[in-house]
Every structure is written in structure tokens, then in C-alpha cells.
Amino acid sequence: MTIRKTGMGDIEALAAVERSAAELFLGTHFESAIGGETLHPDKHARAIAEGAHWVEEQGDAIAGFCCAHAMQKSLYIDELAVGADFQGHGIGRRLMETAIAEARHGFSAVSLITDRTLPWNAPFYATLGFVEWDKPEAAILAELADEEADGFDLARRIAMILRL
């Protein structure tokens, strides 16, 4: 198991990881994510260019990834995904710990938006020190508006922040 910075040549493999990770949503209100849109390759490329994208490899496979970008004074987590075959082994935690450690070198916080009701989303981030962001900055509000336009139920979404 190795965490490393993502390279542009990894982008094609990331959609398969994300699709596999979405299998976790089977039987939940988020089931529509299975087989749905994945993070656009341009977002991956932007994060890679910013040095804010990491993968964990298990053998020759990319087991998971964390894609982030600079957003005002925080490092914003666009996506954390761990392939179905690799879930439950601490990969997501290691990827997030890597992102948090990197964020300490230039950001005052790490931020994200996730599902507030799935038992493995917001509670997982809380174990890393994230708390609900009651009054998020304008950029986070814009992300929430984009999510609403994409059909997300904002009552199920939560903005979270980890102040560094």
C-alpha cells in the first residue's frame, strides 16, 4: 500500500474506482449514484496540477483517491473514493490524513460537503475532527447551490470544516 501524488496518466482509472465505490450506496437514498456521473476529468486534472490529488495503490491497482482544490482559505475535498474491493481497510482515512497533512502547509482549514444521513459519511469525517460548518463561506454556498441544481436534496447535505 502506497499513497502517492496522482499523475495525469492516472485519470482514466479514477472513474472506475469511483463507480466501484458507489456500490456502497445500494439500498440507500443515494442509490442513484450507482452507474451515474463520475467526477469530470477536468476536476481531476485541476487537482493534480495544484498538487492536491492523491491515490493509494494496492499492488498494481488504484484502490482509492482523494481529489481536492484550493477554495478561498481552505483545501476543499471534491471527492474521496475507495473501490468496493478495498473498503474497510483504512484507505479513506489514510487518504484524508494525507490531504489534511498537506493542507497544513498553506491553508487554514480543510472543507467538504457530504451526506448528513448516511452513517459512514459525516460520522467518518467527524472522527477526523471535522465539524458542521454552520455559516460556510460563499464558495461553499455556491457548491451547495450547484449540488441542488444537480438534484441533491440539501436537507441531506452537510458542509463540514476542519480548522487547522
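Structure: see above.
These notes cover the structure that comes with them. None of these values were measured; they are calculated from a predicted model. (Residues numbered from 1 in each chain as written. Predicted model: local features only at pLDDT ≥ 70, side-chain atom pairs only at ≥ 80, totals over all residues. Heavy atoms only, no water.)

## Quick word on the overall build of the chain
Here is the rule: To qualify as a helix, a DSSP run of H or I must reach at least 4 residues; to qualify as a strand, a run of E must reach at least 2; elements of each kind are numbered from the N terminus. Computation of the radius of gyration draws on C-alpha atoms, with the globule rule given as 2.2 Å multiplied by the number of residues to the power 0.38. To sort residues, take the accessible area from a 1.4 Å probe on protein chains only and compare it with the maximum for the residue type: under 20% means buried, over 50% means exposed, and anything in between is partly exposed. Residue contacts follow a heavy-atom distance rule, with two residues in contact if any of their heavy atoms lie within 4.5 Å. Only the protein chains shown count as cover for residues, and the accessible areas themselves come from Shrake-Rupley with a 1.4 Å probe.
When helices and strands are counted, the chain shows 5 helices and 7 strands. Listing every helix and strand of the chain by position from the N terminus yields β-α-α-β-β-β-α-β-α-β-α-β. On C-alpha atoms alone, the chain measures out to a radius of gyration of 15 Å, which is about the 15 Å that the 2.2 N^0.38 rule sets for 164 residues. Across the 164 residues of the chain, 45% fall into the buried class. Taking the contacts inside the chain whose residues are at least 6 apart along the sequence as the reference set, 68% of them involve residues at least 24 apart. Looking at the chain as shown, the accessible area adds up to about 8300 Å², and 52% of this sits on carbon and sulfur atoms.

## Focus: the pairing of strand 7 (residues 157–163)
This is how the line gets drawn: At least two DSSP bridges between two strands are required for those strands to pair.
Most of strand 7 sits inside the fold, with 6 of its 7 residues counted as buried. The pairing of strand 5 (residues 109–115) with strand 7 spans 7 bridges and is classified as antiparallel. Paired with valine 110 across the bridge in strand 7 is leucine 162. Note: strand 6 (residues 131–132) against strand 7, 2 bridges, orientation antiparallel. Directly across from valine 131, in strand 7, lies its bridge partner isoleucine 161.

## Details of the nonpolar core
Here is the rule: Note on terminology: a nonpolar core comprises buried Ala, Val, Leu, Ile, Met, Phe, Trp, Tyr and Cys residues joined through side-chain atoms within 4.5 Å.
Within the largest apolar cluster, 24 residues are counted, with the highest numbers of intra-cluster contacts made by Trp54, Cys66, Ile77, Met96, Tyr125 and Phe130. What tyrosine 125 contacts, discounting residues up to four positions off in sequence, is Leu80, Met96, Leu112, Thr114, Phe130 and Met160. Within the second largest apolar cluster, 10 residues are counted, among which are Ala21, Val55, Ile62 and Ala81.

## Comments concerning unusual backbone geometry
Phi at glutamine 72 takes a positive value of approximately 55°, unusual for a residue other than glycine. Tracing the backbone shows glutamine 72 in the loop between strand 3 (61–71) and strand 4 (74–82). Glutamine 72 sits in the exposed class, given a relative accessible area of 52%.

## A short note on the pattern of salt bridges
What counts, and what does not: Salt bridge, as used here, is a side-chain nitrogen of Lys or Arg placed within 4 Å of a carboxyl oxygen of Asp or Glu.
All told, the structure shown has 8 salt bridges when counted by the stated rule. Linking arginine 116 and glutamate 132 is a salt bridge whose minimum nitrogen-to-oxygen distance equals 3.2 Å. Taken together, the positions of arginine 116 in the loop between strand 5 and helix 4 (122–127) and glutamate 132 in strand 6 put the pair 16 residues apart, joining distant regions of the chain. By relative accessible area, glutamate 132 is classed as partly exposed at 39%. In this structure, arginine 156 engages aspartate 153 in a salt bridge whose closest nitrogen and oxygen atoms are separated by 3.9 Å.

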